[in-house]
Amino acid sequence: MALGQAQQAPHRMRAGQRCRDVVLLDHTGQLGNRLVLLSHFIGASEEWGFRIHDFAMAPHRNHFSGLVHNPFFTYPARRVGWDAGFLTKGLRKPLAHWIQRRGPRLAGPNSWLGYFNANHRPRVHLDGDEFACWMKRHRVFVPWGFDYRCRHWVERHADKIREYLRPCGPAAERAAATLRSLTSAGSIPVGVHVRVRKDYREFFGGQWHFAPEVYRGWMNGFLAREGSRKIVFVVCADSPLPAGLFDGLPVNYFARSLEEEFALLTGCDRSFGTVSSFSQMACFLGQKPLYVFQSANQALPFWDSFQMPKLADQLLPA
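Just so it is clear, the structure is predicted and the values come from calculations on it, not from any experiment.

Draft legend 1. Region of the structure containing the overall build of the protein. Assigned secondary structure in the protein consists of eleven helices and twelve strands. Relative to a compact globule of 318 residues, whose C-alpha radius of gyration would be 20 Å, the protein shows 21 Å and is just as compact. Referenced to the eigenvectors of the C-alpha coordinate spread, the extents of the protein come out at roughly 65 × 45 × 35 Å. For the protein, with 318 residues in total, the buried portion stands at 53%. Residue pairs in contact within the protein that sit at least 24 positions apart in sequence constitute 69% of those at least 6 positions apart.

Okay, structure coming up:
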């Protein structure tokens, strides 16, 4: 059966299958992509019964509830009484470099350690026959790359994903305090995720890279349309924005950490921005509606046209 072909989903690991640990080491993606990948593997973990050790999340271990005091970044969480991840995070890159050198020799059958690189391959279905075969062959399996998915299992286990990846810590507390201050003043916080960093000009040929002034135009138009509502735009940006860009607009914008901005987007009443796994994951975890601009001239959203994002619906092309 072809690599991407899915089969009827098993429920929990069947007798005779050997894999008990899946180790995620690929650290090439940014936070949004890492959260998307981990979410799909959590769905698969619930069905197959393996543990996940996601070393790619080590830099963010104090900002998501399931990773706190969890030294090997394991799902289901295995906690100790202190931040042992401060020590084990250093294993991430050495292990990744080792598996990349040795990986092709581990791709064969029936070794205790298995490896597969999904980059430039067909999508890997975690509920498919090929992945089931790997689960039988290997005690420990290391998948490399981003394109692993299990559409129905992510939907089935969404509550467990949300609980494990719930933002926490000082950054989340600052975000919550900001949102409380805005709502107590009677404002409705609308998140705006601005992506203008240089690397986004090259991502998919820059088709979703828009100048800061485009975001301002969207905000002006949306505010004019929804003038009866007391809106305040909570702007989260991946690079510093020009001074005075938002003059005359009701905006909450400061230099903040990546994790604080993520927590803000999980808590805003709704959000909009360009194609991005960062805002997709934030709104998925916060169960808040999102509107995605795929072109600069796209029609402005109505208040009720924002939609809850689903991880089963891939925003980025396959």
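Draft legend 2. Looking closely at the state of the cysteines. Inspection of every chain in the model, using the stated rule, returns zero disulfides. Free cysteine: cysteine 133, not disulfide-bonded; nearest cysteine sulfur from cysteine 19 at 12 Å. In this structure cysteine 133 comes out as partly exposed when scored by relative accessible area, which is 28%. Among the cysteines around cysteine 268, which has no disulfide bond, cysteine 236 carries the closest sulfur, lying 6.5 Å off.

Draft legend 3. A look at the packing of aromatic side chains. Counted by the stated rule, this structure contains 28 aromatic pairs. Between phenylalanine 272 and phenylalanine 293 the ring centres are 5.8 Å apart and the planes differ by 75°, which places this aromatic pair in the edge-to-face class. With phenylalanine 272 in strand E11 (residues 270-274) and phenylalanine 293 in strand E12 (residues 290-293), the pair connects residues that are 21 residues apart, well separated along the chain. As far as burial versus exposure is concerned, phenylalanine 272 and phenylalanine 293 are alike and both buried. Taken together, Phe210, Tyr215, Trp218, Phe222, Phe233, Phe272, Tyr291, Phe293, Trp303 and Phe306 form an aromatic cluster joined through their ring pairs. Looking at arginine 270, its charged tip hangs above the ring of phenylalanine 306, at a distance of 5.5 Å from the centre.

Draft legend 4. Fine view of the packing of helix H7 (residues 169-184) against helix H10 (residues 258-267). Two elements in contact, H7 and H10, have axes whose closest approach is 8 Å; the angle formed by their N-to-C orientations is 45°. By the angle between their directions, the pair H7 and H10 is classed as oblique. The two elements H7 and H10 meet at a crossing, and its hand is right-handed. The residues of H10 that touch H7, namely those facing Ala171, Ala172, Arg174, Ala175, Thr178 and Leu179, are Glu259, Glu260, Ala263, Leu264 and Gly267. Looking at side-chain class alone, the contact of H7 with H10 contains six nonpolar, two polar and three charged residues.

Draft legend 5. View of a nonpolar patch on the surface. The grouping of Val80, Trp82, Phe86 and Leu87 at the surface amounts to a nonpolar patch, some 440 Å² of accessible area in total. For phenylalanine 86, the position within the fold is in helix H2 (residues 85-88). A relative accessible area of 52% places phenylalanine 86 in the exposed class.

Draft legend 6. Representation of helix H4 (residues 129-137) within the structure. All buried positions along H4 are accounted for by Phe131, Ala132, Trp134 and Met135. One face of H4 carries all of its buried residues, which in axial projection span an arc of 155°. Of the surrounding elements, those touching the buried residues of H4 are strand E1 (21-24), helix H1 (31-48), strand E4 (113-117), strand E5 (124-125) and strand E6 (140-144).

Draft legend 7. Molecular detail of helix H9 (residues 212-225). Given a rise of 1.5 Å per residue, 14 residues ought to cover 20 Å, and the 20 Å separating the end C-alpha atoms of H9 matches this to within 8%. Every buried residue of H9 is listed here: Pro212, Tyr215, Trp218, Met219 and Phe222. Across the axial projection of H9, the buried residues extend over an arc of 115°, all falling on one side. At its buried positions, H9 is contacted by strand E8 (188-194), strand E9 (231-237), strand E10 (251-252), E11 and E12.

Draft legend 8. Layout of the side chain of aspartate 21. Topologically, aspartate 21 is positioned in strand E1. The exposure class assigned to aspartate 21 is buried, which follows from its relative accessible area of 8%. A polar contact is formed between the side chain of aspartate 21 and the side chain of histidine 53, at a distance of 2.6 Å. Ignoring sequence-local partners within four residues, the contact set of aspartate 21 consists of Phe50, Arg51, His53, Arg139, Val140 and Phe141.

Draft legend 9. Representation of the nonpolar core. In this structure, Phe41, Phe50, Phe131, Met135, Leu165, Phe262 and Met281 are the most contacted members of the largest nonpolar core, which totals 65 residues. When residues of this core are assigned to their parent elements, the largest contribution, nine residues, is made by H1. Core analysis: the second largest hydrophobic core is formed by 22 residues, Val194, Met219, Leu245 and Phe246 among them.

Draft legend 10. Geometry of the sheet that holds E12. The strand order across the open sheet built from five strands is E10-E9-E8-E11-E12, with neighbouring strands paired in parallel fashion. Because the sheet does not close on itself, it has two edges, and the strands there are E10 and E12. Its contacts with the sheet put H9 on E8, E9, E10, E11 and E12, and the angle it makes with E9 is roughly 165°. Against the sheet, H10 makes contact with E8, E9 and E11, and its axis sits at roughly 145° relative to E9, the strand it touches most.

Criteria and cut-off values
Residues numbered from 1 in each chain as written. Predicted model: local features only at pLDDT ≥ 70, side-chain atom pairs only at ≥ 80, totals over all residues. Heavy atoms only, no water. Helix = DSSP H or I, 4+ residues; strand = E, 2+ residues; numbered from the N terminus. Rg over C-alpha atoms; globule rule 2.2 N^0.38 Å. Buried < 20%, exposed > 50% of the residue type's maximum accessible area, 1.4 Å probe, protein only. Contact = heavy atoms within 4.5 Å. Disulfide = S-S within 2.5 Å. Phe/Tyr/Trp six-rings, centres within 6.5 Å; stacked < 30°, edge-to-face > 60°. Lys NZ or Arg CZ within 6 Å of the ring centre and 35° of its normal. Axes fitted to C-alpha atoms, helices over the stretch in contact; angles between N-to-C directions. Parallel < 35°, antiparallel > 145°, perpendicular 65-115°, else oblique. Left-handed = near helix turned anticlockwise from the far one by under 90°. Nonpolar A, V, L, I, M, F, W, Y, C, P; charged D, E, K, R; others polar. Patch = residues over 30% accessible without salt bridge, like charges linked within 9 Å, V, L, I, M, F, W, Y side chains within 5 Å. Areas by Shrake-Rupley, 256 points an atom, 1.4 Å probe, with all protein chains shown as cover. Salt bridge = Lys/Arg side-chain N within 4 Å of Asp/Glu carboxyl O. Arc of directions from axis to C-beta. Expected span 1.5 Å × (residues − 1). Polar contact = N/O pair within 3.5 Å; in protein donor to acceptor, adjacent residues only side chain to side chain. Core = buried A, V, L, I, M, F, W, Y, C linked by side-chain atoms within 4.5 Å. Pairing = 2+ DSSP bridges.

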